[in-house]
Amino acid sequence: MRYPEPTVGAIIFNPDNKILLCKSHKWNNKYIIPGGHIELGEEMEEALKREILEETGLEIYDIQLISIKESVHNESFHEKKHFIFIDYICKTDSYNVILNEEAQEYEWVDLKEIDNYDLGGFIKLLLIELKNKEESKYKAEIFYNY
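Report follows, based on the coordinates. (Residues numbered from 1 in each chain as written. Predicted model: local features only at pLDDT ≥ 70, side-chain atom pairs only at ≥ 80, totals over all residues. Heavy atoms only, no water.)

### Description of the side chain of aspartate 87
Consideration 1: For aspartate 87, the location among the structural elements is in strand 6 (residues 82-91).
Consideration 2: Buried and unpaired, aspartate 87 has lysine 69 as its nearest opposite-charge partner, separated by 9.8 Å.
Consideration 3: With near-sequence residues (within four places) excluded, aspartate 87 lies in contact with Val8, Gly9, Ile33, Gln64, Leu65, Ile66, Ser67, Phe122 and Leu126. (Helix = DSSP H or I, 4+ residues; strand = E, 2+ residues; numbered from the N terminus. Buried < 20%, exposed > 50% of the residue type's maximum accessible area, 1.4 Å probe, protein only. Lys, Arg positive; Asp, Glu negative; His and termini not counted. Salt bridge = Lys/Arg side-chain N within 4 Å of Asp/Glu carboxyl O. Contact = heavy atoms within 4.5 Å.)

Have a look at this one:
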């Protein structure tokens, strides 16, 4: 593609307030949050719901924008790409994750435990910001290019 690729991602909280991390071969076998590309004519939140259902089998709700980040040819990704990441926090009522071929493993993780995981891309910075918030995990500021 000759243009930046807009993508959506989700920090998904289960009923125990743990977040879903997925290990992906596309990100050098590091843990990331699930998500994917926005299709032409698709609204961002609809793309998010579709991608999360495809990649994890989870239905999500209480969707809130949390971050917009640009990644130009990040060495962590398996291809040379220019992404615009549009990330959200949301909830699910399920613990049952059914991964597609884009991820090889998953973990439900407390935000206090994120330092124990090899996180890909800028996800670690995003999760640290979220972990350090004094307000509720579900009410976060939007972080731009941190």
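Still more to cover.
### As for helix 1 (residues 44-56)
Consideration 1: Between the first and last C-alpha of helix 1 there are 18 Å, a value that for 13 residues agrees with the 18 Å anticipated at 1.5 Å per step.
Consideration 2: Turning to helix 1, its buried residues number three or more, namely Ala47, Leu48, Glu51, Ile52, Glu55 and Thr56. All buried residues of helix 1 lie within an arc of 125° about the axis, which places them on one face of the element. (Expected span 1.5 Å × (residues − 1). Arc of directions from axis to C-beta.)

### Here we look at the packing of aromatic side chains
Consideration 1: Here the structure, examined in full by the defined rule, presents one aromatic pair.
Consideration 2: Seen in terms of ring centroids, tyrosine 31 and tyrosine 117 are 5.2 Å apart; in terms of plane orientation they differ by 90°. Their pairing is edge-to-face. Taken as a pair, tyrosine 31 in strand 3 (residues 30-32) and tyrosine 117 in the loop between strand 7 (105-109) and helix 2 (123-131) lie far apart in primary sequence, 86 residues in all.
Consideration 3: Its relative accessible area of 8% is what places tyrosine 31 among the buried residues. (Phe/Tyr/Trp six-rings, centres within 6.5 Å; stacked < 30°, edge-to-face > 60°.)

### Description of the nonpolar core
Generally speaking, nonpolar side chains in soluble globular proteins are found buried as a group.
Consideration 1: Counting residues in hydrophobic clusters, the biggest one holds 22 residues, and the most contacted among them are Ile11, Ile19, Leu21 and Leu127.
Consideration 2: Of all the secondary-structure elements, those providing two or more residues to this core are strand 1 (5-13), strand 2 (19-24), strand 3, strand 6 and helix 2.
Consideration 3: When residues of this core are assigned to their parent elements, the largest contribution, four residues, is made by helix 2.
Consideration 4: With near-sequence residues (within four places) excluded, isoleucine 11 lies in contact with Ile19, Ile33, Tyr88, Ile89, Cys90, Leu126, Leu127 and Leu130.
Consideration 5: Counting 18 residues, the second-largest nonpolar core is a separate cluster that includes Leu48, Ile52, Val97 and Ala103. (Core = buried A, V, L, I, M, F, W, Y, C linked by side-chain atoms within 4.5 Å.)

### Considerations on the pairing of strand 6
Note on strand geometry: in a regular strand, side chains alternate between the two faces of the sheet.
Consideration 1: Of all ten residues making up strand 6, seven are buried, and the element is well covered by its neighbours.
Consideration 2: Relative to strand 6, strand 1 is paired through nine bridges, and the arrangement is parallel. When the sheet's bridge partners are listed, glycine 9 is paired in strand 6 with aspartate 87. (Pairing = 2+ DSSP bridges.)

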